[in-house]
Amino acid sequence: MSEIPPGSPRTEESHSAAVALRREDGLARRVRAAAWPVLLPVGVAVAIGAVFIGVYLSAFHAPVAHGLPVAVVGGAADAAAVQERLPERPSDTFRVRAVRDAPAARSAVQHGEVFAAYIPGGAGGGGATLLYAGAHGPSVTTLLTRSFGPLAEADGQALETVDVVPPSPRDTRGLVVFYTTFGLVLAGYLFGIMTYQLGRGVGMARRMAGLMAFSGVGGLTVAGMVTAFDALPAPFAEVAGLVALVALAVGSSTMLLVRGLGVLGSSTAAVVFMTVGNATSGGSLPAEFLPGWLEPFSAVLPVGVGVRAVNGLAYFHGDGVISGVAILTGWAVAAVGGLLLLEQSGGRVRRPVPAQRSGRGRGPSHGVAGGVLRR
């Protein structure tokens, strides 16, 4: 086959086509380089906003309780009868169980085992009684009284309601527990981001020291403020320890996400802790009011676990404290372990070492830019 001589029309056409292709490729790269920094923040921000709105609308646009535990004094047949006679709200709004007597019913409410206990008139003489815990919030109280009031009326009895676990008189809206916990969730999220933004080049040991200092000082500060307002009937030291553990769990987890994923990690932390965690915290409504797909998050994310533990510490004889400490500790240990693994695997930087010259020319090159990479 004969070669195409240089300068022939076909050679010039091929050269022109190659030049045009390179120009188009260069233009595409310049367009991508110019558009990517603009469009990426837009896409991430809109996605986070859409997730936020979707989660909150799903959780709170029309909340309905499912499986809210209540007790009835009597036998299993009495509990089943009450379950059948409660108004349709839907039918799985309550999960009714039997307790042997009025003291057992009161104890179950006071320890957070049930949200209320119904004592029929025949069980204690006179009218029916509903024992409830006002510390669960006004929405729960309203649901309980509106459901069990008609039940007593149908039996020709007046319903006496007794709040056996009232909220703090300085917490008229029942939100102090949520604010006490979520304050350090927000702070932990911000700390996890800022420790890398403002502390570039800082070693892992110093980052861990900063994390511990943040958690400890944050816990003491929040507990001090709550005590100063006298808004939460809980011991100072226990509140400080719990919220410090919440701060440690969220702060270390955010650090791990940022260390491993960069900007995407901070966005992921915002969705997990600030959006899903906040919505499923149980701060405004108990987890039983969440949709089925959201309710499990309340039992595993630090926000919901912390809210239940602080609420139990303040009002329900420590309900949820032991499990909360275990789960929060698990979050912190897993996150710190992940950080240490990332640091060990990616902490040493490869640096180029120039290749030795051999004779009049260079010897064989390895790695990058004619050098040998060493750790």
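Here we summarise the structure given alongside this text. (Residues numbered from 1 in each chain as written. Predicted model: local features only at pLDDT ≥ 70, side-chain atom pairs only at ≥ 80, totals over all residues. Heavy atoms only, no water.)

Re the sheet that holds strand β4 (residues 128–132)
Hydrogen bonding along the main chain pairs the strands of a sheet, whether they run parallel or antiparallel. Strands sit in the order β2-β1-β3-β4-β5 across an open sheet of 5 strands; the sheet is mixed. Edge positions in the sheet fall to β2 (94–99) and β5 (159–163), since each has one partner strand and no second. Neighbour-to-neighbour, the strand axes of this sheet turn through a mean angle of 25°, independent of strand direction. Two strands pair when backbone bridges link them, and strand β3 (residues 116–119) and β4 are joined in this way by 4 bridges, in the antiparallel orientation. Each residue of the ladder has a partner; that of A116, found in β4, is Y132. (Pairing = 2+ DSSP bridges. Helix = DSSP H or I, 4+ residues; strand = E, 2+ residues; numbered from the N terminus. Axes fitted to C-alpha atoms, helices over the stretch in contact; angles between N-to-C directions.)

Comments concerning the packing of aromatic side chains
Any two aromatic rings considered together are summarised by their centre-to-centre distance and by the angle between their planes. Inspection of the entire model under this criterion finds 9 aromatic pairs. For the pair Y56 and F60, a centre-to-centre distance of 5.8 Å together with 50° between the ring planes defines the contact as tilted. Here Y56 and its partner F60 are both found in helix α1 (residues 9–60), 4 residues apart, which amounts to about one turn of the helix. With 5.3 Å between their ring centres and 10° between their planes, F178 and F182 make a pair best called stacked. With a gap of 4 residues between them, F178 and F182 both fall in helix α6 (residues 176–197), about one helical turn apart. The same class applies to F178 as to F182, namely buried. The structure contains a cluster of three or more aromatic residues connected by ring pairs, namely F52, Y56 and F60. (Phe/Tyr/Trp six-rings, centres within 6.5 Å; stacked < 30°, edge-to-face > 60°. Buried < 20%, exposed > 50% of the residue type's maximum accessible area, 1.4 Å probe, protein only.)

Focus on the pairing of β3
For a regular strand, side-chain orientation follows a simple rule: the groups alternate between the two sheet faces. Here β3 shows no split at all, with A116 and Y118 on one side and A117 and I119 on the other all buried. Bridge analysis of strand β1 (residues 68–73) against β3 gives 3 bridges, and the strand direction is parallel. Bridge pairing links A71 to A117 in β3.

Re empty space enclosed by the protein
Taken as a whole, this structure holds 1 cavity of 30 Å³ or more when the rule is applied. In this structure, the largest cavity spans a volume of roughly 40 Å³. Contributing to the lining of the largest cavity are A59, F60, P63, A279, G282, L285, P286, F289 and L290. Of the residues belonging to the lining of the largest cavity, the class tally is 8 nonpolar, 1 polar and no charged. (1 Å grid on protein atoms, 1.4 Å probe; cavity = no way out; pocket = protein on both sides within 12 Å on 5 of 7 lines; lining within 4 Å. Points joined across faces, edges and corners; volume = space filled by probe spheres on them. Nonpolar A, V, L, I, M, F, W, Y, C, P; charged D, E, K, R; others polar.)

None of this, on its own, says anything about what the molecule does.
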